[in-house]
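Examining the three-dimensional arrangement
Chain residues, written in single-letter form:
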Amino acid sequence: MAATEPGPVEAAAGPEAVKRHRRLFRAVERRRNPPLRRTDITVTDERAVKRAVKAASLGNAMEWFDFGIYSYLAVTIGHVFFPSGNGTVQLLSSFATFAVSFLVRPLGGMVFGPMGDKVGRKKVLALTMILMAIGTFAIGLIPPYATIGFWSPVLLILFRLVQGFSTGGEYGGASTFIAEYAPDKRRGFFGSFLEFGTLAGYVGAAGLVTVLTTVLGSGGMESWGWRVPFLVAGPIGLVGLYLRLKLDETPAFQKLEDNSSRKATDAASTVETTAKGDLAKIFRNHWPTLILCVCLVGAYNITDYMLLSYMPTYLSDEMGYSETHGLLVLIATMLLLMLVISQVGKLSDRYGRKPLLMAGMLGFLVLSIPAFLLVKQGSLVAVSAGMLMLGLSLVCMLGTMSAALPALFPTQVRYGSLSVGYNLSASLFGGTTPLVITALISATGSDMMPAYYAMAAALVGIITVACMKETAQQPLAGSPPSVGTPQEAAELVESRTPAPRP
């Protein structure tokens, strides 16, 4: 800091007080903004970062492959697991079972999140992978309602609860894992691959369901074909588990663990501590940020599930499309989003998280009605154009969210806080989206309800983004700076070295 530029403490105290206690004020200013040393900075290994991104993204892809299967087979599952009768009642029952897994997601977040802050990100992510694979594989083995009656939906709900509980620790852990591995200036780019995994999981689920439906027909799918996608999850889960177990802990978590053996300087000790967050501390000390996280994730999840989970059902039930036709349109949209999502991550690194998030929220607010009016035209071109409008709005959030959310919380409580906030919001707003929209359409008779619901969510999101702090290209709270090369580390040290006072 140059001599002609007083620090914030000196400026607040006034020149007379500074003159009388100059040495004291300089000591306070050094403590508030200590000089960096090379040992304070984490220099990432790009190969290790890529391995971490691959393992976290594959796990995330599996999670959403599992959830995507259920969404895209909602009508079939309604026929298989619930008594025959009114088709709308069966569909509502199916979506209610979809939503019930979200009821235990906050519980999973409250268990796995603080656990990840205590024993490490890697171990907990391996555990969530095992539980998700077991829950999904078991669903594929349940006998239908026609065979065991009441126990069929009971078992379905039980294993959906296992899925939901495990998912409670997945997104918070995976996004934390990537964020803590990535260098500060490329966190958006690397984080975008987590949502690339989400889209890949959805595409895999939609593609498999489409192929099976085309080959087997509705009769074959209801007879036994619906089981195949669920049973496939078992081997995929083992692959993801293998990749995760091969990884090291994140550099940020290792620094917390190694403080006793690695002597920290003032610059590091001001942001690092070995104290681990527990649930009470999260709610007591971080509730304002939790509220921000819940609102942001709520807006994002409603628009996400509306487009990626509910739209095939909307196209088949409301527009009269065949299930296969609707899925093909959605697959094409998601493939396009996969092509651009990493570029969105790069843009968020360059221009900031807030501009990209705001663009996505404004897109849903302004474009939802025109997009659904296009979808209602029914032609392939019109439906594709409407889906693309919504998809491009969504990808602005998809490519940014996994870098923006972990940066809200400090390292000591990041996994726990993010898991709690994310899953509370997902429980209230995400998993209930298909159920709420179906119920609203049934109650009002208006097939524009998805657009209105997305617009309301986007309005909340706009207000939330406006209240956020920009975190692009900055160190994660509670962690020292992270860079990609030794040269960047040297430049950062030089930039933070105070100029000598005359």
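Values in this document were obtained by computation on a predicted structure and should not be read as measured data. (Residues numbered from 1 in each chain as written. Predicted model: local features only at pLDDT ≥ 70, side-chain atom pairs only at ≥ 80, totals over all residues. Heavy atoms only, no water.)

**Topic: the overall build of the protein chain**
Quick reminder of the rule: The helix count covers DSSP runs of H or I at least four residues long, the strand count covers runs of E at least two residues long, and both are numbered beginning at the N terminus. Burial classes follow relative accessibility: with a 1.4 Å probe on protein chains only, a residue under 20% of its type's maximum area counts as buried, one over 50% as exposed, and anything between as partly exposed. Should any heavy atoms of two residues lie within 4.5 Å, those residues are counted as being in contact. In these tables, accessible area is a Shrake-Rupley quantity obtained with a 1.4 Å probe, and a residue counts as shielded only by the protein chains included in the view.
What the protein chain contains, in helices and strands, is 24 helices and 2 strands. A buried classification covers 55% of the 502 residues belonging to the protein chain. In the protein chain, the proportion of contacts linking residues at least 24 apart, taken out of those at least 6 apart, comes to 84%. Element-wise, carbon and sulfur atoms account for 65% of the exposed surface of the protein chain, whose accessible area totals about 20,100 Å².

**Some thoughts on helix α8 (residues 121-139)**
Condition: Helix span is expected to be 1.5 Å times the residue number reduced by one.
An ideal rise of 1.5 Å per residue puts 27 Å on 19 residues; α8 measures up with 28 Å between its terminal C-alpha atoms. For α8, the full list of buried residues reads Arg121, Val124, Leu125, Ala126, Thr128, Met129, Met132, Ala133, Gly135, Thr136, Ala138 and Ile139.

**Brief notes about the pattern of salt bridges**
The test is simple: Should a side-chain nitrogen of Lys or Arg be within 4 Å of a carboxyl oxygen of Asp or Glu, the pair is scored as a salt bridge.
In the structure shown here, the tally under the stated rule is 6 salt bridges. In this structure, Arg186 engages Glu46 in a salt bridge whose closest nitrogen and oxygen atoms are separated by 3.6 Å. With Arg186 in the loop between α11 (170-181) and α12 (187-225) and Glu46 in helix α4 (residues 46-72), the pair connects residues that are 140 residues apart, well separated along the chain. A relative accessible area of 32% places Arg186 in the partly exposed class. The exposure class of Glu46 is partly exposed, given its relative accessible area of 38%. Ionic pairing is found between Asp349 and Arg353, a salt bridge with its closest N-O pair at 3.0 Å. The network of salt bridges with shared partners includes Glu46, Lys50 and Arg186.

**Digging into the packing of aromatic side chains**
Definition in use: Here is the rule: rings of Phe, Tyr and Trp (six-membered ring for Trp) pair when centre to centre is within 6.5 Å. Planes less than 30 degrees apart are stacked, more than 60 are edge-to-face, and the remainder are tilted.
Here the structure, examined in full by the defined rule, presents 10 aromatic pairs. Ring plane angle 55° and centroid distance 5.1 Å describe the contact between Phe112 and Phe165, whose orientation is recorded as tilted. One end of the pair, Phe112, is in helix α7 (residues 105-119); the other, Phe165, is in helix α10 (residues 151-167), with 53 residues separating them in the sequence. Residue class for Phe112 comes out buried when judged on its relative accessible area of 2%. One aromatic cluster is present, built from ring pairs that chain together Phe189, Phe190, Phe193 and Phe196.

**Focus: the nonpolar core**
Under the convention used in this document: Nine residue types can take part in a nonpolar core, namely buried Ala, Val, Leu, Ile, Met, Phe, Trp, Tyr and Cys, and a core is a set of them joined through side-chain atoms within 4.5 Å.
Membership of the largest hydrophobic core comes to 115 residues, with the highest contact counts inside it found for Tyr72, Met311, Met334 and Leu405. With sequence-adjacent residues up to four places away left out, Met334 is seen in contact with Tyr72, Leu199, Tyr202, Val203, Ala206 and Leu308.

**So, a nonpolar patch on the surface**
Operational definition: Candidate patch residues must exceed 30% relative accessible area and have no salt bridge, after which like charges are joined if within 9 Å and Val, Leu, Ile, Met, Phe, Trp or Tyr side chains if within 5 Å.
A cluster of nonpolar side chains, contributed by Leu336, Leu339, Leu388 and Leu392, occupies part of the molecular surface with about 340 Å² of accessible area. Those elements giving two or more residues to the nonpolar patch turn out to be α18 (323-351) and α20 (380-404). Here Leu336 lies in helix α18.

**A few points about the packing of helix α17 (residues 287-317) against helix α21 (residues 414-430)**
When two helices pack together, you describe them by how their axes are tilted relative to each other and by the distance separating the axes. Put simply, the rule is: Every axis in this analysis is a line fitted to C-alpha atoms, fitted for helices over the stretch in contact. Angles between the N-to-C directions lie between 0 and 180 degrees. Each angle is binned into one of four classes, with values under 35 degrees roughly parallel, values over 145 roughly antiparallel, values of 65 to 115 roughly perpendicular, and all other values oblique. With the far helix as reference, a near helix turned anticlockwise by less than a right angle produces a left-handed crossing, and one turned clockwise produces a right-handed crossing. All residues other than Ala, Val, Leu, Ile, Met, Phe, Trp, Tyr, Cys, Pro, Asp, Glu, Lys and Arg, Gly among them, are scored as polar; the first ten of these are nonpolar and the last four charged.
As a packed pair, α17 and α21 sit with axes 8 Å apart at the nearest point and diverge in direction by 45°. Looking at the two axes, α17 sits oblique to α21. Read as a crossing pair, α17 and α21 show a hand that is right-handed. In this structure, α17 uses Leu290, Cys293, Val294, Val297, Gly298, Tyr300, Asn301, Ile302 and Tyr305 to contact α21, whose residues at the interface are Ser417, Leu418, Val420, Gly421, Tyr422, Leu424, Ser425, Ala426, Phe429 and Gly430. Residue classes in the contact of α17 with α21 are distributed as 13 nonpolar, 6 polar and no charged.

**What to know about the environment of Ala426**
By secondary structure assignment, the location of Ala426 is in helix α21. Separated by 132 residues in the primary sequence, Ala426 and Val294 have C-alpha atoms spaced 8.2 Å apart. Residue contacts for Ala426: discarding those within four places in its chain leaves Phe102, Arg105, Asn301 and Gly431.

**Some words on the packing of α11 against α12**
Contact pair α11 / α12: the axes reach a minimum separation of 9 Å and the direction vectors enclose 150°. Considering their axes alone, α11 and α12 lie roughly antiparallel with respect to each other. In this structure, the crossing between α11 and α12 has a hand that is right-handed. The residues of α12 that touch α11, namely those facing Tyr171, Ala174, Ser175, Ile178 and Ala179, are Arg187, Phe190, Gly191, Leu194 and Glu195. In terms of residue class, the contact of α11 with α12 is built from 6 nonpolar, 2 polar and 2 charged.

**Regarding the side chain of Thr167**
Here Thr167 shows up in helix α10. Beyond its immediate sequence surroundings of up to four residues, Thr167 is in contact with Glu63, Phe67, Arg105, Met132 and Asn423.

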